[in-house]
Amino acid sequence: MSQQASPPTAPLPSSSDNGNASLGAAAPPATSLAVGGGPNGSALQADKLRREQRPDGPACVLGVGTANPANCIPQEEYADWYFRVTKSDRQTQLKDTMKKICEQVGIKKRYFQVTEDLLHAHPELLDPALPSIDARLQAVAASLPELAAAAARNAIAEWGRPASDITHLVVSTSSGAQIPGVDVRVASLLGLRPTVRRTMLYFQACTGGAAALRVAKDAAENNRGARVLAVCADALSAMAFHAPGDEEGLFAHAVFGDGAGAVVVGADPISRVERGGERAVFEMVSASQATIPGTERLVTGDLGAAGLGYNLAAPEVPGLVADNIERVLADAVAPLGLASGGGGWNELFWVVHPGSHRIMDSYEKVLRLEPGKLAASRRVFCEYGNMIGPTVMFVLDEVVRRRRLRMDGGEDGRKECEMGLLVGLGPGFTAEVIVLRACK
């Protein structure tokens, strides 16, 4: 969401020694374990402490933000740009093939961390036969934290509280591999407290954003007063850009882009009546993960001397989605008693990692979705391409924007669905599913 000036915020109760800020609920009273009370007394005290450490309500989405690198290339110009900067203009047949792919995938523009300056400084990036991993990792280490922090600042601005109120940080990326990780630099750039609890997730690929949100939900629901910043940032162009080879490589270069998304997650939001209150958008009702057996080698990536190489299995994935997605989603919503099958899927709103238009077509056909149900996913794919992990956060941002416009009378007056599904699909072959409920 776009940045907005935040009103002065009310002071918060001081944080406890373990780094948990007390937001929206009184800090739990100090509880000591009675050493001399016998095993039964100690167990009761431990149970009491555990209950007091947990919030009363579910985790909620409190703010969403996104960011992209400055280098934006219109899709209609990409093939000419790509073959020029890779010094491959003489490969006219491959160039014509890429132009057709760029026309067919339904993307208007994409953003890239790779620039001509970077390619001039490191020509080894262009030749997959040359070792280039050091240059790639250095480029990512220099740029990815700033990109992640930009998205995080937008999410924090949307949330409306100071960054110092963040108690937990979850960062997910499939770009780069440094120790310490991107999370340390992001925390520093944002001015988070030294006591912030950090978690890094690596190489989740297209499920990276959804996985970060699942972990953020767990942290928020097990630490009273926690405010969790979930960030997913990827710069696949810096990790995998090279001169043209086969047609599968052309498809990847025609679809993928770079970006970062961030979401502030917390339970028991402060009332908006209070100065500095919070505006919860969605409750995160449940989170689940399912891996389809026997698909481990279908979509893969390998980090080697020449960077990140991948096998997309592009023709097979839409069929895999068609054969499995309804069962996976039905299993995810069954414990909640939500209707599935038939027209039940149309009673939900959808926050779906797009992947490609063919994958979205598979969703619509198998689930018998009405036109427009995946409109947010299709718009994000059109405007940004597939940014792998962060893409689902961009879709979440778009869904929030559209709902607010409709509530304000700026779009059609269509009835809003109360329940929805956030879905990420990626290597494994794995589905991350989060059930959402719109807040009043």
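Residues numbered from 1 in each chain as written. Predicted model: local features only at pLDDT ≥ 70, side-chain atom pairs only at ≥ 80, totals over all residues. Heavy atoms only, no water.

- As recorded in an unreviewed UniProt entry, the protein goes by Chalcone synthase and comes from Urochloa decumbens.
- Heading Sequence similarities (unreviewed entry) of the UniProt record for the protein holds this comment: "Belongs to the thiolase-like superfamily. Chalcone/stilbene synthases family." (UniProt positions renumbered as here; feature names shortened; annotations may be inferred.)

## A look at the packing of helix H2 (residues 75-85) against helix H3 (residues 92-104)
Here comes step 1: The contact between H2 and H3 brings their axes to 9 Å, and the two run at 155 degrees. Between H2 and H3, the angle is such that the two are roughly antiparallel. Between H2 and H3 lies a crossing whose hand is right-handed. Across the interface between the two elements, Gln75, Tyr78, Ala79, Asp80, Tyr82 and Phe83 of H2 pack against Leu94, Lys95, Met98, Lys99 and Cys102 of H3. (Axes fitted to C-alpha atoms, helices over the stretch in contact; angles between N-to-C directions. Helix = DSSP H or I, 4+ residues; strand = E, 2+ residues; numbered from the N terminus. Parallel < 35°, antiparallel > 145°, perpendicular 65-115°, else oblique. Left-handed = near helix turned anticlockwise from the far one by under 90°. Contact = heavy atoms within 4.5 Å.)

## Description of the side chain of His353
Here comes step 1: Structurally, the position occupied by His353 is in the loop between strand S11 (348-352) and helix H11 (357-367).
Here comes step 2: Residue class for His353 comes out buried when judged on its relative accessible area of 4%.
Here comes step 3: Leave out the neighbours within four places in its chain, and His353 touches Cys206, Asn386, Ile388, Thr391, Val392, Val423, Gly424 and Leu425. (Buried < 20%, exposed > 50% of the residue type's maximum accessible area, 1.4 Å probe, protein only.)

## Points about the packing of aromatic side chains
Here comes step 1: On inspection of all chains with the given rule, the structure shows 13 aromatic pairs.
Here comes step 2: Through a chain of ring-to-ring contacts, three or more aromatic side chains come together here, namely Tyr78, Trp81, Tyr82, Phe83, Phe112 and Phe241.
Here comes step 3: Across from the ring centre of Tyr78, 4.3 Å away, lies the NZ or CZ of Arg110, which sits over that ring.
Here comes step 4: Here the guanidinium or amino end of Arg403 rests over the ring plane of Phe349, the centre of that ring lying 4.8 Å away. (Phe/Tyr/Trp six-rings, centres within 6.5 Å; stacked < 30°, edge-to-face > 60°. Lys NZ or Arg CZ within 6 Å of the ring centre and 35° of its normal.)

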